[in-house]
Amino acid sequence: MEIPSNTLKRASIALLVALLMTTAGCSSFAGGDAGDTATANETAETTEMTASDVETTANDTASSDDATNESSDSDSDSDSDSDHDSHSHDSTTNASNESSVDAAYTGQMAVMVAGERVSLTEDLDEDAPVHMSDVDSWHTNESTTLAAALNAANVNATESSLTYDGETYEESENGTKLIYRVDSHEVDPEEYTLESDDKVWVLVVTDDSNVTTPGEYIPPEQLHVHGTIDFTVDGERLDFSRDKYQQAGHNDHFHFEGGHANPWHAHSAHVTLAYGMSTLDGINMTDEHVTYNGTTYAYDGENATATVTVNGESVDPTDYYLKNGDSVSIEIASSD
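First, a word on what this report is: a plain description of the structure on this page. (Residues numbered from 1 in each chain as written. Predicted model: local features only at pLDDT ≥ 70, side-chain atom pairs only at ≥ 80, totals over all residues. Heavy atoms only, no water.)

## As for a negative patch on the surface
Note the threshold: What goes into a patch is any residue over 30% in relative accessible area without a salt bridge, connected to like charges within 9 Å or, for nonpolar side chains (Val, Leu, Ile, Met, Phe, Trp, Tyr), within 5 Å. To be clear on the numbers: accessible area is Shrake-Rupley with a 1.4 Å probe, and residue cover counts the displayed protein chains and nothing else. We define a salt bridge as a contact between a side-chain nitrogen of Lys or Arg and a carboxyl oxygen of Asp or Glu at a distance within 4 Å. Charged-residue counts in this description rest on Lys and Arg as positive and Asp and Glu as negative, His and the chain ends being excluded. Each charge is placed at NZ for Lys, CZ for Arg, CG for Asp and CD for Glu. Starting at the N terminus, helices and strands are each numbered in turn, a helix being any DSSP run of H or I of at least four residues and a strand any DSSP run of E of at least two.
A cluster of acidic side chains, namely Glu-116, Asp-165, Glu-167, Glu-173, Asp-207, Asp-208, Asp-287, Glu-288, Asp-300 and Asp-319, defines a negative patch on the protein surface. Mapped onto the fold, Glu-116 is located in strand β2 (residues 116-117).

Now the structure itself:
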């Protein structure tokens, strides 16, 4: 007797379901107790699933999983891009990625000449005293001076002059400043020998560089500028750890962050002190006075009630570029 194909299919499915239920009873299917046979039997009796149903369910589940994964990936990307400058620090070190190269000496270096970031990765042959693993991470296995390291990148540096791209900048020229700093210390490039973890800044500042403040933005993962500030009004120190001065919704080029009053962060080599302070709520600075909470205090004259110094020296905040390691002091003494 020939058995109809439909009947044969139903019998095969029934047998398959029975086998599955038997196996499920032995292995506590879906987390049930091993002795919960009644539930398994009821399930077998009330469930009728064809091969096409199984395939459809599997496809639906896969589609649902794909959608969930895509949503999760999208959320993750959104979260990672939502705050590109959310690096918090407990000290004046920055968020740049340290080189993972196995070398005797490693550190970071940024060179800015008349507003232009010098690429230190070019023209470094195998015999160069230092090598760059990224835009500002250097490494070497030999003891070398800062001047020798710079010379490898075609930057000829002495204490009083610097030559780059065919042009020489002299410290003695009006309006030209040469700054060589390792961490917060001024150094002579021909005498200073690089050490591990050194963060080097070389700046050439000229009056005619045509750099518009706040200058080119430096991402948080690259070497940028940090320092400290002491802002006092009638002897009371302003607390920059307050929410109104912190990073959220604030300026990218200059800010405090992480709930810390120090250090401040400058993401450019051309952030003036006046620009930085004027980004803060209730504070404005010009070359003649500082305004705090609606009251203006002059720097000079008979009614001078404010002083502005950086590293102990008086500065014009409108043309002083903040440099790594700078210690800023702003003191207001009201005439009341």
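From this point, the narrative continues.
## Quick look at the sheet that holds strand β17 (residues 295-298)
We apply this condition: Note on pairing: two strands pair once DSSP finds at least 2 bridges between them. Under this scheme, a helix contributes an axis fitted over its contacting stretch, all axes are lines through C-alpha atoms, and angles between N-to-C directions fall in the 0 to 180 degree range.
Ordered by their spatial adjacency, three strands build an open sheet running β15-β16-β17, and the pairing between neighbours is antiparallel. Both edges of this open sheet fall to β15 (283-285) and β17, since each of them pairs with a single strand only. Each adjacent strand pair in this sheet contributes to an overall mean axis angle of 15°, direction not counted. Pairing geometry for strand β16 (residues 289-292) and β17, over four bridges, is antiparallel. Considered in β17, the bridge of His-289 is made with Ala-298.

## Thoughts on the packing of aromatic side chains
Here is the rule: Stacked, tilted and edge-to-face are the three classes assigned to paired rings of Phe, Tyr and Trp, where Trp is represented by its six-membered ring and a pair needs centres within 6.5 Å; plane angles under 30 degrees give stacked, over 60 edge-to-face, the rest tilted. Three labels apply to residues, based on accessible area from a 1.4 Å probe with only protein chains included: buried if under 20% of the type maximum, exposed if over 50%, partly exposed otherwise in between.
Enumeration according to the criterion identifies six aromatic pairs in this entry. Summarising the aromatic geometry, the rings of Phe-231 and Phe-240 are spaced 6.3 Å apart at their centres and angled 85° between planes, so their arrangement reads as edge-to-face. The pair formed by Phe-231 and Phe-240 is uniform in burial state, with each residue classed as buried. Look at Phe-240 and Tyr-245: their rings are 5.1 Å apart centre to centre, the planes differ by 70°, and that puts the pair in the edge-to-face class. For Phe-240, a relative accessible area of 1% translates into the label buried. The class for Tyr-245 is buried, based on a relative accessible area of 0%. Grouped by ring-pair contacts, the aromatic residues Phe-231, Phe-240, Tyr-245, Phe-254, Phe-256, Trp-264 and Tyr-292 constitute a single cluster.

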